[in-house]
Amino acid sequence: MVHRRAFTFPIDGAMTQRGLLALTTAALLALATVRTITAPSVAEHPALAQLASRWEPELYAELGAVGPAKFDAQLLTPCVADKGGLVRCVPGAFLIGNWQSNSKGLGAAIGAHPDIKAVGNDRCFQTWTDDKGGRRWLRQTAPAGFDARRQLLAALGCVTMLTFYPGFAGRFHKFWEKEYWPCKAKCVREKACEKTYYQREMWPCKQAALAAHDRAALLPTTASTPALNVTPPYLLRAFYGARVKLVACVRSPIDRLRHAFYTHPHYAKKYGQGAAGLHAYAMEQRAGWQACVQSYGARRCAIHFEQLGAAQDGVFFHADQLIRGMYAPFVADFLGAFPESQLLVVRTEDFIDKRQPLLNRIWRHLGVEPLDFENGSVPPALVRVQRRLPTDYWTWTKHKGPILPETTLVLKELYRPFNQELREMLAKEGTSCRGAAGDALAMNDAPPCDVFLWEPEVD
């Protein structure tokens, strides 16, 4: 549904309007190491709300209830009365992912719409560092002049929310940390243990920490739902219910990896400059990834890579850049948590080469009116943003640095199953592309689902 600009009643931040609304670790490992990257299809496990309240006790204490929050249905932005009757407005949309994908430019373009009020990265969900962060997040005030009836509060720089691997998973590893840091502290208080900690005692502590996370995150099978291994999308669902819209920005995994290699100097310092260095880097990262999958399975490796063992922890930067292009395991959980067409996946390639129709697709998805580009109905803010953006995808990509044909071939084989899985799940769900099963749901100007295969890769 497209929201019409017809309301003028403002809600600024927190207001005084009071009338507004254990299973065993072995059991989990058996579930997690199955060679599949398909997420559970259940949107709401009956125990999810209680688990979320344990994960974020301060957030739900401030809310005064276990979620999902009871947002005012008459407003475009989700707003809810807290336990004291103060109205709290939270982002109703998130741009999630991805690094080296021009997501900053995409966020600026989306936020230039007059009916969208962009807020900073401190409004991204669960990126805080402790229990009190949830309370602070809910208490933040909206920007001056914000009108919750006609404007959508949107956090448009949440790159870490898409691929929730250990390095950037925010609060997802709360229970891991609660177990690990006291275990380490207990050891290093003793001189003998302090000397040998990183050689002997560290991995028993880390294994105990991962087991603690597994016990906390696994919701058991019930009469109506399968077992659910809870990840950040499900915790987002527990708070918002169906009252949030997500836009995920993805890019050719090979182009994204190439861009990352040439952006961060520590890769060339270790592996060498230019295309030869990129090839050496890609081969070593691929070997580390494949060894992990042989032992733990693709889904487990994508979500917990360096937490799994010393071999994975020893891979340079824990294969993080490789994993950032493996979208399927992460998108699967977002689709599992939000089956009501709340996730729109878009490509960097289309943002650069087909910008105007893509932006209108995104704005319609977010519930605001598209802009009439043909008749010059473009806000000055968007004109300024577009002046700074690249105008040709392949030119922009090639300028990052060269890649050898053999590197491209090896990476194509590595990423192909993930791209195929992404294509199939998006076609089945139907919001992001036109596919055999999705034609009835996809927007008329949605791309064919095969674009998410990124075939052929050319240079």
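Note that the structure is a prediction, hence the values are computed from the model and not measured. (Residues numbered from 1 in each chain as written. Predicted model: local features only at pLDDT ≥ 70, side-chain atom pairs only at ≥ 80, totals over all residues. Heavy atoms only, no water.)

Chemist: How would you explain empty space enclosed by the protein if you had to name every residue and give the values?
Modeler: Empty space within the largest cavity amounts to approximately 140 Å³. Residues of the lining of the largest cavity, tallied by class, amount to 10 nonpolar, 4 polar and 1 charged. Considering the residues around the second largest cavity, the lining is formed by 10 residues, among which Lys412, Asn419, Leu453, Trp454 and Glu455 are closest to the centre. Mapped by element, the contributors of at least two residues to the lining of the second largest cavity are helix H9 (253–263) and helix H20 (405–429). (1 Å grid on protein atoms, 1.4 Å probe; cavity = no way out; pocket = protein on both sides within 12 Å on 5 of 7 lines; lining within 4 Å. Points joined across faces, edges and corners; volume = space filled by probe spheres on them. Nonpolar A, V, L, I, M, F, W, Y, C, P; charged D, E, K, R; others polar. Helix = DSSP H or I, 4+ residues; strand = E, 2+ residues; numbered from the N terminus.)

Chemist: Please set out the sheet that holds strand S9 (residues 343–347) residue by residue, giving values where relevant.
Modeler: Pairing is parallel across the open sheet formed by 5 strands, whose spatial order is S4-S5-S3-S8-S9. Whereas interior strands pair on both sides, the edge strands pair on one side only; in this sheet they are strand S4 (116–119) and S9. If you compare each strand with its neighbour and ignore which way they point, the axes differ by 25° on average. Bridge count for strand S8 (residues 245–250) against S9 is 5 bridges, and the pairing is parallel. Among the inter-strand pairings, Val250 is bridged to a residue of S9, identified as Arg347. Here helix H15 (residues 328–337) sits on the sheet and contacts strand S3 (93–96), S8 and S9; the angle it forms with S9, its principal contact strand, is near 150°. (Pairing = 2+ DSSP bridges. Axes fitted to C-alpha atoms, helices over the stretch in contact; angles between N-to-C directions. Contact = heavy atoms within 4.5 Å.)

Chemist: Explain the packing of aromatic side chains to me, and be specific about the residues and the numbers.
Modeler: Each pair of aromatic rings is reported with the distance of its centres and the angle of its planes. Using the criterion set out here, one finds 38 aromatic pairs in the structure. When the centroid spacing of 6.2 Å and the interplanar angle of 65° are considered together, the rings of Tyr60 and Phe239 count as edge-to-face. With Tyr60 in helix H3 (residues 57–63) and Phe239 in helix H8 (residues 232–240), the pair connects residues that are 179 residues apart, well separated along the chain. Phe239 carries the same exposure label as Tyr60, and that label is buried. Judged by centre distance (5.3 Å) and plane angle (65°), the ring pair of Tyr271 and Tyr281 falls under edge-to-face. (Phe/Tyr/Trp six-rings, centres within 6.5 Å; stacked < 30°, edge-to-face > 60°. Buried < 20%, exposed > 50% of the residue type's maximum accessible area, 1.4 Å probe, protein only.)

Chemist: I'd like a rundown of a positive patch on the surface, residues and numbers included.
Modeler: Taken together, Lys104, Arg384, Arg387 and Arg388 make up a surface patch of like positive charges. Given the relative accessible area of 61%, Arg388 is considered exposed. (Patch = residues over 30% accessible without salt bridge, like charges linked within 9 Å, V, L, I, M, F, W, Y side chains within 5 Å. Areas by Shrake-Rupley, 256 points an atom, 1.4 Å probe, with all protein chains shown as cover. Salt bridge = Lys/Arg side-chain N within 4 Å of Asp/Glu carboxyl O. Lys, Arg positive; Asp, Glu negative; His and termini not counted. Charge placed at Lys NZ, Arg CZ, Asp CG, Glu CD.)

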